[in-house]
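Geometric and topological summary
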Amino acid sequence: MEELNDWKFFWPKTDSLPKATTAARQGFIAAIFIACVSPPYMLPTLLSAGLQQHFYIIFIPTLFYGVLAVFVYKMSRVAALVGFLVFLPRFVIHLLEPGFTSIVWVALALAFINSIRGTFAYHKHARQPQESITTAEKTLSVAVPPTCDSTTTE
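Since the model is a prediction, treat every value here as computed from it, not as a measurement.

Conventions we followed
Residues numbered from 1 in each chain as written. Predicted model: local features only at pLDDT ≥ 70, side-chain atom pairs only at ≥ 80, totals over all residues. Heavy atoms only, no water. Helix = DSSP H or I, 4+ residues; strand = E, 2+ residues; numbered from the N terminus. Buried < 20%, exposed > 50% of the residue type's maximum accessible area, 1.4 Å probe, protein only. Contact = heavy atoms within 4.5 Å. Areas by Shrake-Rupley, 256 points an atom, 1.4 Å probe, with all protein chains shown as cover. Core = buried A, V, L, I, M, F, W, Y, C linked by side-chain atoms within 4.5 Å. Phe/Tyr/Trp six-rings, centres within 6.5 Å; stacked < 30°, edge-to-face > 60°. Lys NZ or Arg CZ within 6 Å of the ring centre and 35° of its normal. Expected span 1.5 Å × (residues − 1). Bend = angle between axes of the 7 residues up to and from the residue. Salt bridge = Lys/Arg side-chain N within 4 Å of Asp/Glu carboxyl O.

Some remarks on the overall build of the chain
When helices and strands are counted, the chain shows four helices and zero strands. The buried share of the chain, reckoned over its 154 residues, is 27%. Across the chain, contacts joining residues at least 24 apart in sequence account for 68% of those joining residues at least 6 apart. With an accessible surface of roughly 10,900 Å², the chain has 71% of that area assigned to carbon and sulfur atoms.

Below is the structure:
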């Protein structure tokens with residue numbers, strides 16, 4: 001009987017290509033979540049500062065995390081690292097605040113860490129089968145001589 005892994009959502013295995021893809025998708029979901037939550041979260045701050053005429057500022061994080069989500073979805077290792085590094089200062093600030101939001105920020109941090117793990121593991125696993133296929137094709141092309149069709153005569 002296989003041991004149950006209750007933590008596999010929070011720390012998924014990355015030992016195969018599909019599992020690495022699943023782990024990397026967590027960063028995609030986290031980036032989309034932050035992109036959607038940032039404007040309503042920033043709006044009260046913007047209004048209290050009296051900067052209503054510059055409302056477009058609240059969409060900068062949305063645009064950034066939206067583009068980041070696209071690149072993480074395409075398995076970009078750089079995007080996964082940049083997403084976590086940009087998220088890190090915000091995470092530290094919100095971690096110091098007591099309450100339920102700290103749990104959400106810890107879950108988002110784990111999602112970004114899993115996206116880093118997943119994208120690096122994805123590229124490691126994606127590279128392995130291609131190397132074996134190219135060697136098999138080289139062996140096959142050398143081992144099988146070309147055939148001639150002798151049925152056509154002129």
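Details of the nonpolar core
With 19 residues, the main nonpolar core has Ala31, Ile34, Tyr65, Leu68, Phe87, Leu108 and Phe112 as its most contacted residues. Contributing elements (two or more residues each) for this core: α1 (17-48), α2 (60-73), α3 (77-95) and α4 (101-143). With six residues, α4 is the single largest residue contributor to this core. In this structure, Ile34 is in contact with Tyr65, Phe87, Arg90, Leu108 and Phe112, ignoring residues within four places of it in sequence.

Some details on the environment of Gly118
Along the chain, Gly118 turns up in helix α4. According to the relative accessible area criterion, Gly118 is buried, its value standing at 0%. The sequence separation of Gly118 and Ala20 amounts to 98 residues, and the corresponding C-alpha distance is 4.3 Å. Setting aside its immediate chain neighbours within four residues, Gly118 contacts Thr14, Ala20, Ala23 and Ala24.

Focus on the packing of aromatic side chains
One pair of aromatic rings is described through two measures. These are the centre distance and the angle between the planes. Per the counting criterion, the structure on display carries six aromatic pairs. Relative to Tyr65, the ring of Phe64 has its centre 5.2 Å away and its plane inclined at 80°; by these criteria the two rings are edge-to-face. Consider the rings of Phe87 and Phe91, whose centres lie 5.8 Å apart with planes at 25°: the pair is stacked. Placement of the pair is Phe87 and Phe91 together in helix α3, with a separation of four residues, close to one helical turn. Judged by relative accessible area, which is 0%, Phe87 ranks as buried. Every member of this aromatic cluster is reached through a ring pair, and the members are Phe64, Tyr65, Phe87, Phe91, Trp105 and Phe112. Here the guanidinium or amino end of Arg25 rests over the ring plane of Tyr73, the centre of that ring lying 3.9 Å away. Above the plane of the ring of Phe120 lies Arg77, whose end atom (NZ or CZ) is 5.8 Å from the centre.

Some remarks on α1
Over its 32 residues, α1 runs 48 Å from end to end, which matches the ideal 46 Å to within 8%, given 1.5 Å per residue. At Ser38, α1 shows its largest bend, some 35°, and a proline, Pro39, comes one to four positions later. Gly50 sits one or two residues past α1 and shows a positive phi near 75°.

So, the environment of Phe28
Tracing the chain through its elements places Phe28 in helix α1. Non-local contacts of Phe28, meaning those with residues more than four positions away in its chain, are made with Ala69, Val72 and Tyr73.

Digging into the pattern of salt bridges
All told, the structure shown has one salt bridge when counted by the stated rule. Salt-bridge contacts for Asp15 lead to Lys19; the nearest nitrogen and oxygen are separated by 3.5 Å. You can call Lys19 partly exposed: its relative accessible area is 39%.

With respect to unusual backbone geometry
A positive phi is found at Met75, a non-glycine position, where the angle reads about 65°. Tracing the backbone shows Met75 in the loop between α2 and α3.

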